[in-house]
Each structure stands twice: as C-alpha cells, then as structure tokens.
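# Chains, contacts and geometry: an overview
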Amino acid sequence: MKQAKRICQIIQLKPEFAEEYKRLHAKVWPSVLAALGKHHVSDYSISHYPPPQLLIGTFKYTGDDYEKDMESIGEDEETRKYWKEIPWWTDIDEVFRFEGGSAML
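Since we're looking at a predicted model, the values are computed, not measured. (Residues numbered from 1 in each chain as written. Predicted model: local features only at pLDDT ≥ 70, side-chain atom pairs only at ≥ 80, totals over all residues. Heavy atoms only, no water.)

### Brief notes about a nonpolar patch on the surface
The condition that has to hold: Patches were defined on residues exceeding 30% relative accessible area and lacking a salt bridge, with like-charge contacts within 9 Å and nonpolar side-chain contacts (Val, Leu, Ile, Met, Phe, Trp, Tyr) within 5 Å. Per-residue and other accessible areas follow the Shrake-Rupley method at a 1.4 Å probe size, with only the shown protein chains counted as cover for residues. Whenever a carboxyl oxygen of Asp or Glu lies within 4 Å of a side-chain nitrogen of Lys or Arg, that contact is scored as a salt bridge. We count a stretch as a helix when DSSP gives it H or I for four or more residues in a row; a strand needs E for two or more, and each element gets its number in order from the N terminus.
Taken together, the side chains of V95, F96 and F98 make up a nonpolar region of the molecular surface, amounting to roughly 430 Å² of accessible area. Mapped onto the secondary structure, F98 falls in the segment after β4 (90-92).

Written as structure tokens, this is what we have:
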C-alpha cells in the first residue's frame, strides 16, 4: 500500500466570519466531498483555534500527482461555487511526526 502524504494547511479568519465558516462546514456539499475523494483526499479535518482566529486543516493524499489533483478539484464546478463562500488555505510544512510504536532508547 502506498504511503499517504500528509498535508497541513492554515488560514486566518476574520473574527466576524468564524460562525459562518463553521455553519458552512457543518454540512459540506456532497459534490465537494465526492471531488475530494475522487482526487485521493481522505481523513480530512479542520480545527479552529479562536484566539488568533486560525483554522488548521489536515488531510491525507494518496494519489501520484498532488499538483494535478488539486488543480482538478479546483476545476470542479460545484467545488468552485462552494469555495466562493470560504477563505483560501495556505499549505504549511510538517516539522515533526510520530506515528506510534516503541522508541529506540
């Protein structure tokens, strides 16, 4: 089985938009979820850190061409309509990962 690439993204919300963002994501459009799945995105979660109004999203990517798949998601008509409702994400670099197991001492 191919190792998934883990992606982390971050955006800063305007405080007045936080509740609307949560409302939109309480019922993500099925077509948007289908586009994500079709293009090898899984295990997607978004967390909100209120003091600086940060949203932190993480997901696994299991495809072979991340750039092409992200472009294809962006070309999906329903997904583009949905994205008009939300701010845009910035990818951030992973600096540490621990996947469990026993550590060597």
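Still more to cover.
### Section: helix α3 (residues 66-75)
Basically, it comes down to this: Whether a residue is buried, partly exposed or exposed follows from its accessible area with a 1.4 Å probe, protein chains only, as a fraction of its type maximum: under 20%, in between, or over 50%, in that order. Read the arc as the range of directions from the helix axis to the C-beta atoms.
Those residues of α3 that sit buried are Y66, D69, S72 and I73. Mapping the buried residues of α3 onto a view down its axis gives an arc of 130 degrees, with all of them on the same face. Counted as exposed and oriented over 90 degrees from the buried face of α3: E67, K68 and E71.

### Structural notes on the nonpolar core
We apply this condition: By nonpolar core is meant a set of buried Ala, Val, Leu, Ile, Met, Phe, Trp, Tyr and Cys residues that side-chain atoms within 4.5 Å join together. Residues count as neighbours in contact if any of their non-hydrogen atoms are within 4.5 Å of one another.
Judged by nonpolar contacts, I7, L36, V41, F59, Y61, Y66 and I73 together constitute the single largest core of seven residues. Secondary structure elements with two or more residues in this core: β3 (54-61) and α3. Residues in contact with L36, not counting those within four places in the same chain, are V41, Y44 and I73. Membership of the second largest hydrophobic core comes to six residues, among which are A18, Y21, L55 and W89.

### Side note on the sheet that holds β4
In sheet architecture, strand pairing relies on hydrogen bonds along the backbone and comes in two forms, parallel and antiparallel. Heads up, the rule is: For two strands to be treated as a pair, DSSP must find at least two bridges joining them. The convention used is that axes are lines fitted to C-alpha atoms, helices contributing only their stretch in contact, and that angles between N-to-C directions extend from 0 to 180 degrees.
Strand order in this open sheet of four strands is β2-β3-β1-β4, and the pairing throughout is antiparallel. Two strands in the sheet have a free side with no partner beyond their single neighbour: β2 (41-49) and β4. Put simply, the sheet's adjacent strands are angled 30 degrees from each other on average, direction ignored. Where strand β1 (residues 5-12) meets β4, three bridges bridge the pair, whose relative direction is antiparallel. Note on β4: the bridge partner recorded for I10 is T90. Packed on one face of the sheet, helix α1 (residues 18-26) meets β1, β2 and β3 and runs near 155 degrees to β2.

### A look at a negative patch on the surface
Under the convention used in this document: Lys and Arg are tallied as positive, Asp and Glu as negative. Neither His nor the chain termini are counted. Charged side chains are reduced to one point each, which is NZ for Lys, CZ for Arg, CG for Asp and CD for Glu.
Taken together, D65, E67, E71, E75, D91 and D93 make up a surface patch of like negative charges. In terms of residue count, the dominant contributor to the negative patch is α3 (three residues). Topologically, D91 is positioned in strand β4. For D91, a relative accessible area of 43% gives the class partly exposed.

### Thoughts on the pairing of β3
Only one face of β3 is covered, namely the one carrying L55, G57, F59 and Y61; the face carrying L54, I56, T58 and K60 has none of its residues buried. With eight bridges joining them, β1 and β3 adopt antiparallel strand pairing. Each residue of the ladder has a partner; that of Q9, found in β3, is G57. Pairing analysis gives seven bridges linking β2 to β3, with the strands arranged antiparallel. Note on β3: the bridge partner recorded for S42 is K60. Count of turn residues in the β2/β3 antiparallel hairpin: four residues, of which Q53 carries a positive phi of about 55 degrees.

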